[in-house]
Protein chains: 2
Amino acid sequence: MKRRQFLHAAGMVTASLGAALAGTGASRAQTAAEGAPGKAEPKPVVWRLVSDFPEALDTPRAGVEALANTLTAITDGAFTVNAASQPQKTQKQPASALDAVREGKAEIAYTSTAFYADRDPVFGVGGGMPFGPNARQFSAWLLDRGGLDLLNDAYRSHGVLALPGGNTGAITGGWFKQEIAGVEGLAGKRVGVTGTGAALLARFGALPQPIPPQDLAAALTAGRIDIAQWTGPHDDERLGLNKGAPFYYYPGWQGGLQFSFIIARDAWDALSAPHRAALTAAAARAHDTVQARYDALNAAAIRRLVALGTKLRPTPQAMMSQLYTANQALTAEIADTNPAFRTLSDSVKIFSTEAYLWWQVAEYTYDNFMIRVRAQD
Amino acid sequence: MKRRQFLHAAGMVTASLGAALAGTGASRAQTAAEGAPGKAEPKPVVWRLVSDFPEALDTPRAGVEALANTLTAITDGAFTVNAASQPQKTQKQPASALDAVREGKAEIAYTSTAFYADRDPVFGVGGGMPFGPNARQFSAWLLDRGGLDLLNDAYRSHGVLALPGGNTGAITGGWFKQEIAGVEGLAGKRVGVTGTGAALLARFGALPQPIPPQDLAAALTAGRIDIAQWTGPHDDERLGLNKGAPFYYYPGWQGGLQFSFIIARDAWDALSAPHRAALTAAAARAHDTVQARYDALNAAAIRRLVALGTKLRPTPQAMMSQLYTANQALTAEIADTNPAFRTLSDSVKIFSTEAYLWWQVAEYTYDNFMIRVRAQD
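Residues numbered from 1 in each chain as written. Chains lettered and ligands numbered in written order. Predicted model: local features only at pLDDT ≥ 70, side-chain atom pairs only at ≥ 80, totals over all residues. Heavy atoms only, no water.

Participant: Can you walk me through unusual backbone geometry in this structure?
Facilitator: Among all residues except glycine, the phi angle is most often negative; among peptide bonds, the trans geometry is most common. Going from A:Y250 to A:P251, the amide bond is cis rather than trans, its omega being -10 degrees. If you trace the backbone, A:P251 turns up in the loop between β9 (247–250) and β10 (258–264). Phi at B:D76 is positive, roughly 55 degrees, even though this residue is not glycine. Residue position: B:D76 is located in the loop between α3 (58–74) and β2 (79–82). What makes B:D76 partly exposed here is its relative accessible area of 43%. Positive phi, normally seen in glycine, also occurs at B:M129, with a value near 60 degrees. Checked against the element boundaries, B:M129 lands in the loop between α5 (121–126) and α6 (135–144). For B:M129, a relative accessible area of 10% puts it in the buried group. (Helix = DSSP H or I, 4+ residues; strand = E, 2+ residues; numbered from the N terminus. Buried < 20%, exposed > 50% of the residue type's maximum accessible area, 1.4 Å probe, protein only.)

Written out as structure tokens, the structure is:
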């Protein structure tokens, strides 16, 4: 579907749902029923969707649109989501969409569970984990190695379940006001970072600051933080992070930030089987849409950022190794007191080791050849 | 959804559809209508699905199951596919499913259009192309760079359109009876290979043989061919190729073999808008399922193959470079006489160059670190 059609359809959804929620107008399905006497259509299901991503980020917005438009189209308007509510606009905390679902204020949230690792470390696993598998491997673990079932077992006590909703791909190390020679340079630095990476950096004396993504650029520019981390060149450029710091480190220490649709279990259980299947398939469309969008737009953005003066710097390998070792220790400590986390993190790690063994055979060597030969063209 | 549920649901689909096709039984939707007097349900839509993949390959079979089960579930049985017909069982040619759709014998085919590059080179582009982008980048081109729209414009003259249905990931160079030092070793060799790679190898004097995948192992064992190429360790082991030759070369010269659902345009046009959306979303599920399955199962298979005695050999870098140069020449020659092919291949190449420029920043360097550190664990 073309982008313009997406946006047009999304506009229609919002308008009709606004009326339906306010109780002032008939939905499309109700109108159809009125037009066909004797045929009693069931009342349309309308879900409230909240998102932790700011409006400026068109990549996650495309994920919401893909879900909303697909769901509306395949159910002919019988099951829709209303994405009007964006909790982060009025809140100072970086993420609150999961809480809105748990408190019954919305049926579905679009977020990365990584943002909720401080509530329960199992959420960190679902967000991709530092030094976890890359994006394609994480999808393989979720969909083919029972990872999604394991996660949803763990999320049950929180009253929610997840459907995969896209991945950023390997993230960058972020924006630094000053160059850094190694982990020593993190001590005392204020870092705008949300999620599982915050605890890891704190091990080296960094001071993580809970700042919503849309406020990172201002904090960086004003000197309230020294380092800002989000995902990669396209998002980061949209947030204006390049205007706040010149040094951009690569790679980061996560193979991808996994996005999810988080659903209230009671709302899920109340759905008909066809609506559950429709929601799952619509989430798959969103999963593909978001990954494709990051892979397409990051490629264009990195070239632009360098042209605008961003100074790309490789993350020192010794720093990567020290972060890796610290992350192993951190993971082991959490696993010692949290059996659900242990089950999940062991499962990811076992698969990741196997997956990377294969990766280095065909996939990595093909990429290696292509990177070299493209550079020569 | 768990694998057992998939298979169970697929069995139910086949049974009820068999009866529907034979005109002997009522479909689920019809039964529902009879149970609700006064409510006239529309007749269910039943499509015939043909596949070019043999039964032995559980990866593409999982793609068909994901499509069929998702479609049945979200339409509550109002739109189903009958996957009983497998044309390759009775035909000697490697691929014929596209022809079945064009001849009106089926509404939908599951295949890789690469197998039809000899009919029209534009089909070769849709299958992934030698030295094309890797699987994630190809998805990005299809879904975010207008690639799928471009392909479907080109396929219009053939009366079909495509939906993406999975990707193998970077393929291997295949199974060789004897070691090879470079492209010189290809001269006079009989190669069991289907698709765009055949014309490329023929440039170096190789003799491509059109052999269906399920017959490759017997041909290799009996010495009727010297080299056999299919996709990667899991499929290749299922086909028994490792029993026919000891040397397994990596990487191959394609970033992934793209699978597609090929749909008759007249059948597509006759669908309701919700059914078109349902089919598109079901294909997205299949796309994710197949990629995840290859990424999970190849990882396990490569370890097993090496334990069974397979001798992994790196494809000589000079051979890769010579194949690359020959492929550029071949592509330029086709483009000179085929404007539709030129439009497509230029679009892929422009994006691929940009995508690999970004890839070498975060994604490749992250994989590089993970491969090294995992090997040390």
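Here the narrative resumes.
Participant: Could you clarify how one ought to interpret the interface of chain A and chain B in this entry?
Facilitator: By a widespread convention, an interface's size corresponds to the accessible area lost as its parts come together. Each partner contributes to the interface: chain A provides 79 residues, whereas chain B provides 79 residues. Here chain A and chain B share an interface that buries about 7100 Å² over both sides, 64% of which is from carbon and sulfur atoms. Broken down residue by residue, the surface that chain A buries against chain B is led by A:W358, A:Y366 and A:R374, which jointly contribute 11%. Taken together, chain A and chain B are joined by 4 salt bridges. For the salt bridge of B:R293 with A:D144, the shortest nitrogen-to-oxygen distance reads 3.0 Å. Counting across the interface, chain A meets chain B through 27 residue pairs in polar contact (both at pLDDT 80 or more). Residue assignment for the side of chain A that touches chain B shows that the elements contributing at least two residues are α3 (58–74), α6 (135–144), α12 (273–307), α13 (317–337), α14 (339–359) and α15 (363–376) of chain A. Counting residues per element, the side of chain A that touches chain B draws most heavily on α12(A), at 20 residues. Residue composition of the side of chain A that touches chain B, by class: 40 nonpolar, 21 polar and 18 charged. (Contact = heavy atoms within 4.5 Å. Buried area = accessible area lost by both parts, 1.4 Å probe. Salt bridge = Lys/Arg side-chain N within 4 Å of Asp/Glu carboxyl O. Polar contact = N/O pair within 3.5 Å; in protein donor to acceptor, adjacent residues only side chain to side chain. Nonpolar A, V, L, I, M, F, W, Y, C, P; charged D, E, K, R; others polar.)

Participant: When you look at the sheet that holds strand β1 (residues 45–51) of chain A in this model, what are you seeing that I'm missing?
Facilitator: Within a sheet, each strand pairs with its neighbour through backbone hydrogen bonds, oriented either parallel or antiparallel. Residues and elements named next belong to chain A. Taken together, the 5 strands give an open sheet; going across it, the order is β2-β1-β3-β10-β4, and neighbouring strands pair in mixed fashion. The sheet is open, and its two edges are formed by β2 (79–82) and β4 (160–167), each paired on a single side. This sheet shows a mean twist of 25 degrees between the axes of neighbouring strands, independent of strand direction. Examined bridge by bridge, β4 and β10 share 6 bridges and lie antiparallel to one another. Bridge pairing links L161 to I263 in β10. (Pairing = 2+ DSSP bridges. Axes fitted to C-alpha atoms, helices over the stretch in contact; angles between N-to-C directions.)

Participant: Which parts of the structure should I look at to understand the relation of the copies chain A and chain B?
Facilitator: Copy one and copy two of the chain differ by a rotation about an axis and a translation along that axis. If you rotate chain A by 180 degrees and push it 0.0 Å along the axis, it lands on chain B with an RMSD of 0.0 Å. Expressed as an axis order, the relation between the two copies is that of a two-fold axis. If distances are taken from each C-alpha of chain A to the rotation axis, the shortest is found for A:A281, at 2.7 Å. Counting the interface residues of chain A, we find that 100% of their copies in chain B are interface residues as well, pointing to one common contact surface. (Least-squares fit on C-alpha atoms with pLDDT ≥ 70 in both.)

Participant: How do you make sense of the side chain of A:Q291 when you look at a structure like this?
Facilitator: Among the structural elements, A:Q291 can be located in helix α12. Here A:Q291 falls in the buried class, since its relative accessible area comes to 12%. Beyond its immediate stretch of four places on either side in the chain, A:Q291 contacts A:A135, A:N167, A:T168, A:G169 and B:R136.

Participant: Mind showing me how you'd approach the environment of A:A222 here?
Facilitator: All names here are of chain A. By the secondary structure assignment, A222 is in the loop between α9 (216–221) and β8 (227–228). With a relative accessible area of 51%, A222 lands in the exposed category. Spatially, the C-alpha atom of A222 lies 8.1 Å from that of G244, the residues being 22 residues apart in sequence.

Participant: It is not clear to me how helix α9 (residues 213–221) of chain B should be interpreted in this structure. Could you clarify?
Facilitator: Working note: α-helix, 3.6 residues per turn, so residues spaced by three or four point in the same direction. All names here are of chain B. Residues P213, L216, A217, A219 and L220 constitute the buried set of α9. Residues of α9 that are buried in the fold lie against β5 (174–176), β6 (190–192) and β8 (227–228). The positive-phi residue at the C-terminal boundary of α9 is G223, with phi of around 80 degrees.

Participant: What am I meant to see in the pattern of salt bridges here?
Facilitator: Oppositely charged side chains can form a pair if their charged atoms are brought close together. A full pass over the atoms with the stated rule returns 32 salt bridges over all chains. Shared partners join several salt bridges into a network, and the residues in it are A:D58, A:R238, A:R293 and B:D144.

Participant: Mind showing me how you'd approach the packing of α12(A) against helix α12 (residues 273–307) of chain B here?
Facilitator: Relative placement of two packed helices is described by the angle separating their axes and the distance separating the axes. Relative orientation of the contacting elements α12(A) and α12(B) amounts to 65 degrees, with a least axis distance of 8 Å. The element α12(A) and its partner α12(B) pack so that their crossing is left-handed. Two secondary-structure elements touch here, α12(A) through A:T280, A:A281, A:A284, A:R285, A:H287 and A:D288 and α12(B) through B:T280, B:A281, B:A284, B:R285, B:H287 and B:D288. When its residues are assigned to classes, the contact of α12(A) with α12(B) shows 4 nonpolar, 4 polar and 4 charged. (Left-handed = near helix turned anticlockwise from the far one by under 90°.)

Participant: What exactly am I supposed to notice about the pairing of β9(A) here?
Facilitator: Regular strands place their side chains on alternate faces of the sheet. Residue and element names in this part refer to chain A. What you see with β9 is no split at all: F247 and Y249 on one side and Y248 and Y250 on the other are buried throughout. Both strand β5 (residues 174–176) and β9 contribute to a ladder of 3 bridges, which runs antiparallel. Considered in β9, the bridge of G174 is made with Y249. Note that β9 and strand β11 (residues 311–314) share 4 bridges and pair parallel. Note that in β11 the partner of Y248 across the bridge is L312.

Participant: Looking at this model, I keep getting lost on the packing of α12(A) against α3(B). Mind explaining?
Facilitator: Running from amino to carboxyl end, α12(A) crosses α3(B) at an angle of 130 degrees, the nearest separation of the two axes being 7 Å. Taken together, the axes of α12(A) and α3(B) are oblique relative to one another. Note on element contacts: α3(B) touches α12(A) through B:T70, B:A73 and B:I74, opposite A:P274, A:A277, A:A278 and A:A281. By residue class, the composition of the contact of α12(A) with α3(B) is 6 nonpolar, 1 polar and no charged. (Parallel < 35°, antiparallel > 145°, perpendicular 65-115°, else oblique.)

Participant: Can you walk me through the sheet that holds strand β6 (residues 190–192) of chain A in this structure?
Facilitator: On the basis of which strands lie adjacent, the open sheet formed by 6 strands has the order β7-β6-β8-β5-β9-β11 (chain A) and mixed pairing. Of all the strands in the sheet, the pair left with one neighbour each is β7 (207–209) and β11 of chain A.

Participant: Is there a simple way to explain the pairing of strand β10 (residues 258–264) of chain B in this structure?
Facilitator: Residues and elements named next belong to chain B. Of all 7 residues in β10, 7 are buried; the element is thus mostly enclosed. Across 4 bridges, the pairing between strand β3 (residues 108–111) and β10 is antiparallel. Following the sheet pairing, T111 is matched in β10 by S260.

Participant: When you look at the environment of B:W175 in this model, what are you seeing that I'm missing?
Facilitator: Residues and elements named next belong to chain B. If you trace the backbone, W175 turns up in strand β5. For W175, a relative accessible area of 0% translates into the label buried. Sequence separation between W175 and Y248 is 73 residues, and the spatial gap between their C-alpha atoms is 4.8 Å. Ignoring anything within four residues of it in the chain, the contact list for W175 reads L220, D226, I227, A228, D236, L241, N242, A245, F247, Y248, L305 and T310.

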